[in-house]
Amino acid sequence: MALILFAASNFSPNKFFLNSRLWSAKSNACSVAPFNNRIYRQSKSRISPGFNRIWAISNGLSQECNNDGNHRSQTGSRMGIARQPFVGALAAVFLCIQLISPVAFTGHEFWYNPTAEAVLYSPDAKIPRTGELALRRAIPANAYMKTIEDSLEQIAYLLRIPQRKPYGTMEGNVKKALKISVDEKESILSSVPVDLREKGSLIYESLTNGKDGLKGLIEAIKENDADKVSVSLSSVLDIVADLELLQAPGLSFLLPEQYANYPRLTGRAVVEFEIEKGDGSTFSPIFGGQPRKSATIQVVVDGYSAPLTAGNFTKLVADGAYNGVKLYSTDQAILSDAGDGKDKGISVPLEIMPSGQFEPLYKTTLNVQDGELPVLPLSVYGAFVMAHSEVSDEYSSPNQFFFYLYDKRNSGLGGLSFDEGQFSVLGYTTAGRDILSQIKTGDMIRSAKLLDGENRLVRPKES
């Protein structure tokens, strides 16, 4: 027997979301396996409290599945379907019409109106799905550059349209970005510090006139070749990110006074891990090459969004604290052994920057049901995250981290992890993502070193 779980608010395409995944039902129970392991402490609600009602349709009967897994017959409920077959049939007709109609019905508020406030239900919950995209969006750059970035990122969504792709719309987006870059040249370059202005001018020139810049992207679009557009778009967005990074030489906000003496990272850092197999086996490269006894993973750490968490971690890396630390593998994460560096690092308060805000929140989780999403989301494969403190979930562990192995099959209906907004994410794996799935319990970090960013690490003053 299969249950089709779905949630709905009004019968309107922009509000109604059907989950096509089939859930097998045993003993007439409705449940979702929680994400829980040795390090991840059981959160207050594995299943988001926004999932107020999940409707299960089976053999023509209507049941309500609450978060606690209990079922209640809908017979005699406020909908009165059992008692009013005509109303039920009418509701079914309107539902069918709405599913097949391209026009949303407005002004028709039906009796059948269970709450569907959770972002997890919404197909419009657009969060970055790659580390590179999340990191680019997190750069606190000039507003005009962010408008250019947004216009170009829309092309990536348009490229996903099957069959006939809207190349005319894509070209319009690029021309909009080019016009802004030309018209607002002075503002864009004046946002770059004086000592970096010359470098910024060269990057600006490559963006506006270079063959890998905006004009080159327009030419690729005119060829109506999706592959060429994708490659050219990626190149242009890299140039945009390079220019934005020059516009953000430090933090755009002041840290709370009580954290002034914590180590902090005032920008970006790149950390390279060399991982060694603990059982003498080898890593198998996915894209050819010889098996290796060790493999490297690179992580970009973002101090713009999590300066204290990133500062504590990069200080530990610079001090060699992770060399020789063992790793543990679970279905959803690769975790470092907290015991290997128990007395190293400091317990930093939970640090999360909400999207649309200009500074992080401390000791506070986000409520994704109310639309609060982090600038650095957890729901990305290879997200680099600090575990919770053993003492309190309001603090991150002094030294224990994990690589999150995001899997949409184990996520909410909007593709968000059930733990979204509950941890301090401080960066993403940008090289060696294919190695993560091969790491097993007992493997070891041979070395962890800073490739870039030590000049942005501010160490606490010695008392």
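Here is what the cut-offs are and how they apply
- Residues numbered from 1 in each chain as written.
- Predicted model: local features only at pLDDT ≥ 70, side-chain atom pairs only at ≥ 80, totals over all residues.
- Heavy atoms only, no water.
- Buried < 20%, exposed > 50% of the residue type's maximum accessible area, 1.4 Å probe, protein only.
- Helix = DSSP H or I, 4+ residues; strand = E, 2+ residues; numbered from the N terminus.
- Pairing = 2+ DSSP bridges.
- Axes fitted to C-alpha atoms, helices over the stretch in contact; angles between N-to-C directions.
- Contact = heavy atoms within 4.5 Å.
- Parallel < 35°, antiparallel > 145°, perpendicular 65-115°, else oblique.
- Nonpolar A, V, L, I, M, F, W, Y, C, P; charged D, E, K, R; others polar.

## A short note on the pairing of strand 15 (residues 424-431)
Point 1. Across the 8 residues that make up strand 15, a large majority, 6, are buried.
Point 2. In this sheet, strand 15 lies alongside strand 8 (residues 294-302) in antiparallel orientation, the contact comprising 4 bridges. Directly across from Val 301, in strand 15, lies its bridge partner Gly 427.
Point 3. In terms of strand pairing, strand 13 (residues 383-388) meets strand 15 through 4 bridges, oriented antiparallel. Note that in strand 15 the partner of Met 386 across the bridge is Ser 424.

## Quick look at the sheet that holds strand 8
Point 1. Within the open sheet, the 8 strands sit side by side as 9-10-14-13-15-8-7-16. Their pairing is antiparallel. Since the sheet does not close on itself, it has two edges, and those belong to strand 9 (327-329) and strand 16 (444-452), each with one partner. Adjacent strand axes in the sheet meet at a mean angle of 30°, parallel and antiparallel pairs treated alike.
Point 2. Against the sheet, helix 9 (residues 307-318) makes contact with strand 7 (268-276), strand 8, strand 13, strand 14 (396-404), strand 15 and strand 16, and its axis sits at roughly 110° relative to strand 16, the strand it touches most.

## Observations concerning the packing of helix 7 (residues 214-222) against helix 8 (residues 226-247)
Point 1. One can describe the packing of helix 7 onto helix 8 by two numbers: an axis separation of 9 Å at closest approach and a directional angle of 170°. Between helix 7 and helix 8, the crossing angle belongs to the class labelled roughly antiparallel. For the pair formed by helix 7 and helix 8, the contact residues are Leu 214, Gly 216, Leu 217, Ala 220 and Ile 221 on the first element and Lys 228, Val 229, Ser 232, Leu 233 and Val 236 on the second.
Point 2. Class assignment of the residues belonging to the contact of helix 7 with helix 8 gives a composition of 7 nonpolar, 2 polar and 1 charged.

## Description of the environment of Leu 159
Point 1. Secondary-structure assignment places Leu 159 in the loop between helix 3 (143-158) and helix 4 (167-183).
Point 2. On the basis of relative accessible area, Leu 159 is assigned to the buried category, the value being 15%.
Point 3. Separated by 68 residues in the primary sequence, Leu 159 and Asp 227 have C-alpha atoms spaced 9.2 Å apart.
Point 4. Look past the residues within four positions of Leu 159 in its chain and what remains in contact with it is Lys 165, Met 170, Ala 226, Val 229, Ser 230 and Leu 233.

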